[in-house]
Amino acid sequence: MKKWNLVIDVDRCMDCNDCFLADKDEFTGNDFPPYSVAQPWSGHRWMNIMRKERGQYPLVQVAYLPTPCLHCDDAPCIRDSPPGTIYKRADGLVIIDPVKAEGHPEIVNTCPYEVIYWNEEARVAQKCTGCAHLIDDGWLNTRCSQVCPTEAIRLVLADDAEMTSLVAAEGLEVLRPELAAKPRVYYKNLHLWTKAFIAGSVVFSDTDECGEGATAAVSLDGQKIGETTADNYGDFYVDGLEPGGEYTLTVAAAGYASLSQTLKLAQSLNVGRLVLQR
Ligand code: SF4
């Protein structure tokens, strides 16, 4: 059976907040029984865009992670909430029943992804519904996927085999797979959020020119795991490294002595200027 999935490309999100605002436009002040009562005017972020700085000046990048409810197939919220208050629809969407869940603030703490909010006025826990009321009306988009100007958010109707193929073809990942919650929200380019880079700026000592074309290679336990070429400013980024590892960075260019250093990588790191000598 085909079910709904969201595919979110971290590299395409530019933090414009159109998705966040579309969610507000849809749900603030509007009841959609049997799926949700009105979202309050403030305090809720059913589509929460998280933000992270990577690196240090001047080699800095930013990453944005749009985070709705992940509509998990093995949902901890369903497991840990009072029976019947949260349920999964046959099409994959996870719904907090606004009637049965009334008066149960403890539901907020059952989600390890922290996407459930408490509505004090209605006395009910709330979250992204996957726009279930629109899906029931035949929509093929959620409000967030419909408005995203960079097409960072896609709503995909697929069976398990089709999703497995898409995951393999596009290198999709889920958030915190160690939870084994089986989210139905998949991320592309998630390394921009979960992994780290080593960056630097290469300079040729004899000409004082930017080290365009120099190679920067990163190895772990003697095995090369990443390599890139410095751009016309001499800058390079070797990305996708697991934080916490001890890496060896080697910078080389034809006609120059190579430079090596070993780095304990807690987070994305700009090693600064690397001056290559003839
Ligand atoms: Fe439940 Fe949280 Fe998973 Fe959504 S992301 S289904 S609220 S456990």
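Up top you'll find the structure we're talking about.
The present account deals with the structure reproduced in this document.

Thresholds, definitions, all that
Residues numbered from 1 in each chain as written. Predicted model: local features only at pLDDT ≥ 70, side-chain atom pairs only at ≥ 80, totals over all residues. Heavy atoms only, no water. 1 Å grid on protein atoms, 1.4 Å probe; cavity = no way out; pocket = protein on both sides within 12 Å on 5 of 7 lines; lining within 4 Å. Points joined across faces, edges and corners; volume = space filled by probe spheres on them. Helix = DSSP H or I, 4+ residues; strand = E, 2+ residues; numbered from the N terminus. Nonpolar A, V, L, I, M, F, W, Y, C, P; charged D, E, K, R; others polar. Core = buried A, V, L, I, M, F, W, Y, C linked by side-chain atoms within 4.5 Å. Buried < 20%, exposed > 50% of the residue type's maximum accessible area, 1.4 Å probe, protein only. Contact = heavy atoms within 4.5 Å. Pairing = 2+ DSSP bridges. Axes fitted to C-alpha atoms, helices over the stretch in contact; angles between N-to-C directions. Phe/Tyr/Trp six-rings, centres within 6.5 Å; stacked < 30°, edge-to-face > 60°. Near = heavy atom within 4 Å. Salt bridge = Lys/Arg side-chain N within 4 Å of Asp/Glu carboxyl O. Disulfide = S-S within 2.5 Å.

What to know about the layout of surface pockets
Put simply, the largest pocket is a space of about 160 Å³. Forming the walls of the largest pocket are Asn-48, Met-50, Leu-65, Thr-67, Pro-112, Tyr-113, Glu-114, Val-115, Leu-175, Arg-176 and Trp-193. Elements with a minimum of two residues in the lining of the largest pocket: strand E2 (48-56) and strand E3 (59-67). For the lining of the largest pocket, the class distribution of residues is seven nonpolar, two polar and two charged.

Overview of unusual backbone geometry
The peptide bond linking Pro-33 to Pro-34 adopts the cis configuration, its omega dihedral lying at 5°. Within the element layout of this structure, Pro-34 appears in the loop between helix H1 (18-27) and E2. Going from Tyr-57 to Pro-58, the amide bond is cis rather than trans, its omega being 0°. Turning to its location among the elements, Pro-58 is positioned in the loop between E2 and E3.

Observations regarding the nonpolar core
By size, the foremost hydrophobic cluster in this structure holds 52 residues, and its most contacted members are Tyr-113, Ile-116, Ile-153 and Tyr-187. Residue contacts for Ile-153: discarding those within four places in its chain leaves Leu-6, Val-7, Ile-8, Cys-19, Met-47, Cys-144, Ser-145 and Cys-148.

With respect to the sheet that holds strand E13 (residues 223-229)
Overall, antiparallel pairing links the four strands, which are arranged E13-E12-E15-E16 in an open sheet. Only two strands of the sheet have a single neighbouring strand rather than two, namely E13 and strand E16 (259-264). Ignoring which end each strand starts from, the neighbouring axes of this sheet average 20° apart. With five bridges connecting them, strand E12 (residues 215-220) and strand E15 (residues 246-252) associate as antiparallel partners. Note on E15: the bridge partner recorded for Val-218 is Leu-249.

Concerning the packing of aromatic side chains
One pass over the full model with this rule turns up four aromatic pairs. On the basis of an interplanar angle of 85° and a centroid distance of 5.0 Å, the ring pair of Phe-197 and Tyr-237 is categorised as edge-to-face. Within this pair, whereas Phe-197 is found in strand E10 (residues 196-204), its partner Tyr-237 is found in strand E14 (residues 235-241), the two being separated by 40 residues in sequence. Judged by centre distance (4.4 Å) and plane angle (15°), the rings of Phe-204 and Tyr-256 are stacked.

Quick look at the site of the ligand
Cys-69, Leu-70, Cys-72, Cys-77 and Cys-111 are the nearest of the 14 residues found near the ligand. Split into classes, the residues belonging to the shell around the ligand amount to twelve nonpolar, one polar and one charged.

Things to note about the pattern of salt bridges
Here the structure, examined in full by the defined rule, presents 19 salt bridges. Where Arg-79 meets Asp-80, a salt bridge forms, and the shortest distance between an N and an O atom there is 3.0 Å. It is possible to trace a salt-bridge network through shared partners that takes in Asp-25, Glu-26 and Arg-143.

Points about the state of the cysteines
Tallied over the full model, the rule gives zero disulfides. Unpaired in terms of disulfides, Cys-13 finds its nearest cysteine sulfur in Cys-19, a separation of 6.3 Å. Here Cys-13 falls in the buried class, since its relative accessible area comes to 13%.

A short note on the pairing of E16
Of the pairings in the sheet, the one linking E15 to E16 comprises six bridges and is antiparallel in character. Paired with Thr-248 across the bridge in E16 is Thr-262. Taking the residues that link successive antiparallel strands as the turn, the E15-E16 hairpin has six residues, and the phi of Gly-255 there is positive, at about 90°.

Describing empty space enclosed by the protein
Enumeration over the complete set of coordinates arrives at four cavities of 30 Å³ or more. In this structure, the largest cavity occupies an estimated 200 Å³ of space. Among the elements of the structure, strand E1 (3-9), H1 and helix H4 (143-147) are those that each provide at least two residues to the lining of the largest cavity. Among the elements that line the lining of the largest cavity, the one with the most residues is E1, at three residues. Each residue belonging to the lining of the largest cavity can be placed in one class, and the counts come to 14 nonpolar, five polar and three charged.

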